[in-house]
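# Descriptive structure summary
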Amino acid sequence: MAIDVFVSYHSDSSRAIADRVVQEMERSGVICWYAPRNVQEKYVLDIMDAIQGCSIFVVLLNKEASESEFVLDEIAEAKQSKKKIIVLQLTDEQFSKESSLYLKRHHWVKVGKSLDEAIGELVDRALLNLGREKENKDQTQGGTDTKSEYITLTFCGQIHRVKAESIQLENGDVYVGETVDGKPGGKGRYTWVDGNVYEGQMVDGKCHGKGRLSYANGDIYEGDHTNGAVQGRGKYRFANGNVHEGNFGQGKIQGIGKFYFSDGNTCEGVFIDGNLNGKGKFTWANGDIYEGSFSRGKIQGQGKFFYANGNFCEGAFEDGKLNGIGKFTWVNGDVYEGDFVQGKPVTS
């Protein structure tokens, strides 16, 4: 689906305002793209594609944004792509000369005493440029006030625009999206009181099908859900930069998959409760490779170790080291075959 508005902002200082801007835009049927919500795979490429594919580029401008190389790069890309640019001026601070030069010829909306009024003006300006009218107008039908609300959902590489209803649950959770018989059903957004947010398919009030689950701690899971649980195939991005792709069961890493560590190491094979068990492969960022048996995530059992420098060993491993009968071959052709203890040859 085409992107109406790309929202650029300084994340540390303006994230809450960006969230409000996007919420009001999408209530009016405007499809928005902003990070990190809509990032799928490669951060920089996703941003470039989104800017090139949007109709309007909105920048939330304060001193921090004007000095941010990332925001300035996004503005430069929008100008190069000849996008309509609208500036939401958040403060009266002195902005960087570079941002002022980029933006001085474009339309500015200034936040005065009321942020809500400024955001409303921004939405009206966007709708005007898109050639639309607000789609969330109150309407009266047969003496009953109704409100049509549209939201934009992003999950599994797709952007979905949904006409939504809002449901406030007794436990404090909030659902906005399609409904069936008064329950969440179809596509929607479910927000828990603890801050976790799900966007995706719902069946009978539960997360079921394809969806994106964003945890309050920064973790993100995207993939299959079954009866409210993370189950099936998907990708889990940890807040610390680690990533797992593969199968999941009851919210845990289960079955065949591959784990990418933030330091460049990877491991792949069969996982049980989040740990490699059975046959697998571990590749270090320095080029070392182990192939063989694992137990509870540890190198345990028969296997082969290929060193980046050309050395090679094979045999019985315990806690990641040769222990028992094994063979070590050096790159110069020397070979030792016999007993090992804690990775060291036993010599008489």
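Presented here is an overview of the structure given in this document. (Residues numbered from 1 in each chain as written. Predicted model: local features only at pLDDT ≥ 70, side-chain atom pairs only at ≥ 80, totals over all residues. Heavy atoms only, no water.)

## Describing the overall build of the protein chain
Keep this limit in mind: The way it works is that DSSP assigns letters per residue, a run of H or I at least four long becomes a helix, a run of E at least two long becomes a strand, and they are numbered from the N terminus. Radius of gyration here uses only the C-alpha atoms, and the compact-globule reference equals 2.2 Å multiplied by the residue count raised to the power 0.38. Three labels apply to residues, based on accessible area from a 1.4 Å probe with only protein chains included: buried if under 20% of the type maximum, exposed if over 50%, partly exposed otherwise in between. By the convention used here, residues are in contact when the closest approach between their heavy atoms is within 4.5 Å. The accessible surface values rely on the Shrake-Rupley method and a 1.4 Å probe; as for residues, cover is taken only from the protein chains in view. Within this scheme the basic residues Lys and Arg register as positive and the acidic residues Asp and Glu register as negative, but His and the chain ends are omitted. Think of each charge as sitting on NZ of Lys, CZ of Arg, CG of Asp or CD of Glu.
Counting its secondary structure elements, the protein chain contains 6 helices and 25 strands. Expected size for 348 residues packed as a compact globule is a radius of gyration near 20 Å; at 27 Å, the protein chain overshoots this value by more than 25%. Along the first, second and third principal axes, the C-alpha atoms of the protein chain reach 90 × 55 × 30 Å. Counting all 348 residues of the protein chain, 44% fall into the buried class. For the protein chain, the proportion of contacts with a sequence separation of at least 24, taken over those separated by at least 6, is 31%. Roughly 18,300 Å² of accessible area belongs to the protein chain as shown, and the carbon and sulfur atoms make up 48% of that amount. In the protein chain, which carries 41 positive and 49 negative side-chain charges, the distance between the mean positions of the two groups comes to 3 Å.

## Side note on the sheet that holds strand β5 (residues 107-110)
Two strands in a sheet stick together by hydrogen bonds in their backbones, pointing the same way (parallel) or opposite ways (antiparallel). Where we set the bar: Any two strands with at least two DSSP-identified bridges between them are counted as paired.
Overall, parallel pairing links the 5 strands, which are arranged β2-β1-β3-β4-β5 in an open sheet. In the strand order of this sheet, the two ends are held by β2 (32-33) and β5, each with one partner. Two strands pair when backbone bridges link them, and strand β1 (residues 3-8) and strand β3 (residues 54-61) are joined in this way by 5 bridges, in the parallel orientation. Within β3, the residue paired with Phe-6 across the bridge is Phe-57.

## What to know about the environment of Ala-76
Relative to the helices and strands, Ala-76 is located in helix α4 (residues 69-80). Judged by its relative accessible area of 25%, Ala-76 is partly exposed. C-alpha of Ala-76 to C-alpha of Glu-64: the two residues are 12 residues apart in sequence and 17 Å apart in space.

## Focus: the pattern of salt bridges
Counted only if it meets this: Any carboxyl oxygen of Asp or Glu within 4 Å of a side-chain nitrogen of Lys or Arg constitutes a salt bridge here.
This structure, assessed with the given rule, holds 15 salt bridges. When the shortest N-O distance is used, the salt bridge between Glu-268 and Lys-258 registers 3.9 Å. Of the two residues, Glu-268 sits in strand β18 (residues 266-272) while Lys-258 sits in strand β17 (residues 252-260), which places them 10 residues apart along the sequence. Judged by relative accessible area, which is 25%, Lys-258 ranks as partly exposed.

## Remarks on the packing of aromatic side chains
Applied cut-off: Only Phe, Tyr and Trp rings are paired, with Trp represented by its six-membered ring, and only when their centres lie within 6.5 Å; those with planes under 30 degrees apart are stacked, over 60 edge-to-face, the remainder tilted.
All chains considered together, the criterion is met by 24 aromatic pairs. Where Phe-259 meets Phe-261, the ring centres are 4.7 Å apart and the plane angle is 50 degrees; that geometry is what we call tilted. Classification of Phe-259 by relative accessible area gives buried; the value is 10%. With centroids separated by 6.5 Å and ring planes inclined at 50 degrees, the aromatic side chains of Tyr-290 and Phe-305 adopt a geometry described as tilted.

## Side note on the packing of helix α2 (residues 43-53) against α4
Heads up, the rule is: Where helices are involved, their axes are fitted lines through C-alpha atoms of the stretch in contact, as for all axes, and angles between N-to-C directions lie from 0 to 180°. What sets the label is the angle itself: under 35 degrees gives roughly parallel, over 145 gives roughly antiparallel, 65 to 115 gives roughly perpendicular, and the rest give oblique. Handedness of a crossing follows from how the near helix is turned relative to the far one, being left-handed for an anticlockwise turn of less than a right angle and right-handed for a clockwise one. Here the nonpolar group is Ala, Val, Leu, Ile, Met, Phe, Trp, Tyr, Cys and Pro; Asp, Glu, Lys and Arg are the charged ones; every other residue, Gly included, is treated as polar.
Between α2 and α4, whose axes approach to 9 Å, the crossing angle comes to 40 degrees. The pairing of α2 with α4 is recorded here as oblique in orientation. Where α2 crosses over α4, the handedness of that crossing is right-handed. Contacts from Ile-47, Met-48, Ile-51 and Gln-52 in α2 reach Glu-74, Glu-77 and Ala-78 in α4. Grouping the constituent residues of the contact of α2 with α4 by class yields 4 nonpolar, 1 polar and 2 charged.

## As for the packing of helix α1 (residues 11-27) against helix α6 (residues 115-130)
As a packed pair, α1 and α6 sit with axes 10 Å apart at the nearest point and diverge in direction by 50 degrees. In terms of their interaxial angle, α1 and α6 are classed as oblique. Along this stretch, α1 crosses α6, giving a crossing that reads as right-handed. Seen from α1, the contacting residues are Ile-17, Arg-20, Val-21, Glu-24 and Met-25; seen from α6, they are Leu-115, Asp-116, Ile-119, Leu-122, Val-123 and Ala-126. For the contact of α1 with α6, the class distribution of residues is 8 nonpolar, no polar and 3 charged.

## Describing the environment of Ser-293
Mapped onto the elements, Ser-293 comes out in strand β20 (residues 289-295). With 15 residues separating them in the primary sequence, Ser-293 and Gly-278 have C-alpha atoms 5.1 Å apart. Once residues within four sequence positions are removed from consideration, Ser-293 is found in contact with Gly-278, Lys-279, Lys-298, Ile-299, Gln-300, Gly-301 and Gln-302.

## Describing unusual backbone geometry
Residues Ala-35 and Pro-36 are joined by a peptide bond in cis, for which omega reads 0 degrees. In this fold, Pro-36 is placed in the loop between β2 and α2. One non-glycine residue, Lys-82, lies in positive phi territory at about 60 degrees. Position of Lys-82 relative to the elements: it lies in the loop between α4 and β4 (84-89). The exposure class assigned to Lys-82 is exposed, which follows from its relative accessible area of 76%. Phi is positive for Gln-342, which is not a glycine, with a value near 50 degrees.

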